[in-house]
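The lines below spell out each chain.
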Amino acid sequence: MKLRQFSTALAPRKLVAQQWASSSTMAARLYSTSKLAEMDASKLTITKTTTPKELTPPKDLIFGHTFTDHMLTCEWTAEEGWHAPKIAPYQNLSLDPSSCVFHYAFECFEGMKAYKNDDGQIRLFRPDKNMARFNTSSARIALPTFDPEVLTGLIAKLVKLDERFIPAQKGYSLYLRPTMIGTQATLGVGPPGSALMFVIASPVGPYYPTGFKAVSLEATDYAVRAWPGGVGDKKLGANYAPCILPQLEAAKRGFHQNLWLFGEEQYVTEVGTMNMFVAMKNKETGQKELITAPIDGTILEGVTRDSILSLAKEKLVPAGWKVVERQYTMFELDDAANEGRLLEAFGSGTAAVVSPVRNISWKGKIVDCGLKPGTEAGEIAQSMKDWIERRQYGEEEHEWSYKVIGRNKIQRNWNTMEHIYHCPRNRDPDPNGIPGLLFQLYAYPSIPGAPIKKYPLQMDALPVPRGWVPDAWFKAYNAADSQIYNLVGRDCRISKRKRESGETRERALRLWERYPINKAMWAGMEREDREAEVVEVAVMEDVEEESEEEEEEELDEESGDEEEAVERGTEIVWEQHVEESEEGEDEEIVEEMDEDGDSSEEAYDMSYLFEEF
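What you are looking at is a predicted structure, and each value in this text was computed from that prediction instead of being measured. (Residues numbered from 1 in each chain as written. Predicted model: local features only at pLDDT ≥ 70, side-chain atom pairs only at ≥ 80, totals over all residues. Heavy atoms only, no water.)

A. Up close: the packing of aromatic side chains. With the rule as written, the count across this model stands at 8 aromatic pairs. Between F277 and F346, the aromatic rings sit 5.4 Å apart at their centres with planes inclined by 10°, giving stacked as the arrangement. In this pair, F277 is assigned in strand β14 (residues 274–281) and F346 in strand β17 (residues 342–349), connecting sequence segments 69 residues apart. Of the two residues, F277 and F346, neither departs from the other in class, the shared state being buried. Summarising the aromatic geometry, the rings of F331 and W362 are spaced 5.1 Å apart at their centres and angled 85° between planes, so their arrangement reads as edge-to-face. Separated by 31 residues along the polypeptide, F331 in helix α7 (residues 330–338) and W362 in strand β18 (residues 353–362) bring together distant segments of the chain. Lying over the aromatic face of Y90, K53 brings its terminal NZ or CZ to 4.6 Å of the ring centre. (Phe/Tyr/Trp six-rings, centres within 6.5 Å; stacked < 30°, edge-to-face > 60°. Helix = DSSP H or I, 4+ residues; strand = E, 2+ residues; numbered from the N terminus. Buried < 20%, exposed > 50% of the residue type's maximum accessible area, 1.4 Å probe, protein only. Lys NZ or Arg CZ within 6 Å of the ring centre and 35° of its normal.)

Right under this line is the structure:
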């Protein structure tokens, strides 16, 4: 075998065997196999306030100005994992001035609501979608992830404790703001060693207290909100501050919000901080279409957006409409408006549900969006608002609505989140030795990159932590196992037997769970990139025997190359020749150390590395 170095242009996108720093210490930290504590609702402590706040009259509520009596917090450290969650009186946070959140924007958040109907029943609306997006955003900036169901239950306890702040009137709700920040006190740039998750709550009134008010937009093409390959599809605080100035500029010219365009093609992406929908007739067929931009990295994957698409497929398609997720441009909207084909346009988001658009200022002209004079909302926008609110307040029973039943429980709809129960044969999976206790695995279909099939992670072979690892990621991990241990100074040449054992899978799972950046990068990769990833980490080259003199010179050169690689932060990988057999199957030659320490060659099928996933 020959150790070679090469620089990788897409190094930040590597899932395994990535050299995160120029020292073996960082590599050792990255690939540590120690088990970290998960977020545990059973450890929750509740400290009630001794000075309850006075309730603000519902008519005087201003969005984000009033907060409830309590807040939920949970700390995380790289050494221990999640600490015990706490519900305590609403209070200031105490952070070191050097905390990484202040300097490098390690922060992400969510926006969701709790609703109370006339009977006093409290409901959360699609919290599984918010938790999945929260995890994805957090992982993308190297912050910890969590069990979505656990955090949902903790939020429900906070909501139940502060339920007196939720007005029992339609249109009012309790706005919830889960937030994750990096708290490590350091000016060094790297994965935070500590973090804080907290949730605060604010009672809010209707976005339009007196009914819909259509807005006017200014198309913005001189500034870019997001771009392919960036983080515009994540709910990061860093995405919002740069948008304020263009919004102020639009306001100076008399417009309520700005419409973000992208590229020379003038693609329509988002309106302000909301997703954008347009309803228009197809130029060729005349069919009515509801169109929105696709999830391509330039728009946020909105929960309300997803709800509107689902409702449109459920209610509009049977009526002859076509629902389309595609790129569309301002040129298209202008043509449709001039030809009378643009029926209506509206934004969508948690705060307003839908926000009708009257017109758009673009290149010195006003593009009319189809609303008739004196009308503040189109038929589709009004219908969507009504349909969604019926499910939010429980007027229509639906799986999107999560009832908060008691202080410790949520009534879940089991069609939304799948559960797998597995009890290994002849083994006691419980660390405390309680026979028959079931391990619980979760498969989250809504999380990008999550497996469609239920993957048991060889639980019949040995007890492993709760979680999932994409199958191809695990295979790539196996192929790169030698490289990983080389980074930390260990001699590790993995045999076929060990690759297929539960030991390696357990280590892969622990790495996946501990370093959520793997999940984010995996989710962000296209299929072609993932296939290339699996192939690349498995590529090795078998070198023919050379003279002793040539081998000594080569070792000297490689030693110098390795030091140079460490200095410039490149990757060090094993390269191995991959041959194609007569049957067309890919095989690799590996050296397997037997019990006596002798080396023997073993050929085995490598085609599994190139399976579809």
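B. Broad picture of the confidence of the model for the chain. Confidence in the prediction of the chain, expressed as mean pLDDT, is 74, and 60% of residues score 70 or more. A low-confidence stretch, residues 1–34 stays under pLDDT 50, and its non-local contacts, those more than four residues away or across chains, total 106 contacts. (pLDDT = per-residue confidence, 0-100. Contact = heavy atoms within 4.5 Å.)

C. Main features of the pairing of strand β15 (residues 288–292). For β15, a buried count of 4 out of 5 residues is recorded, marking the element as mostly surrounded by other parts of the structure. If you look at the hairpin formed by β14 and β15, you'll find 6 residues sitting between the two strands, and G286 has a positive phi there, around 80°. Taken together, the 4 bridges between β15 and strand β16 (residues 322–325) define a ladder with parallel strand orientation. For L290, the partnering residue across the bridge sits in β16 and is V323. Handedness of the crossover joining β15 and β16 through helix α6 (residues 303–316) is recorded here as right-handed. (Pairing = 2+ DSSP bridges. Right-handed = clockwise from strand over helix to strand, strands pointing away.)

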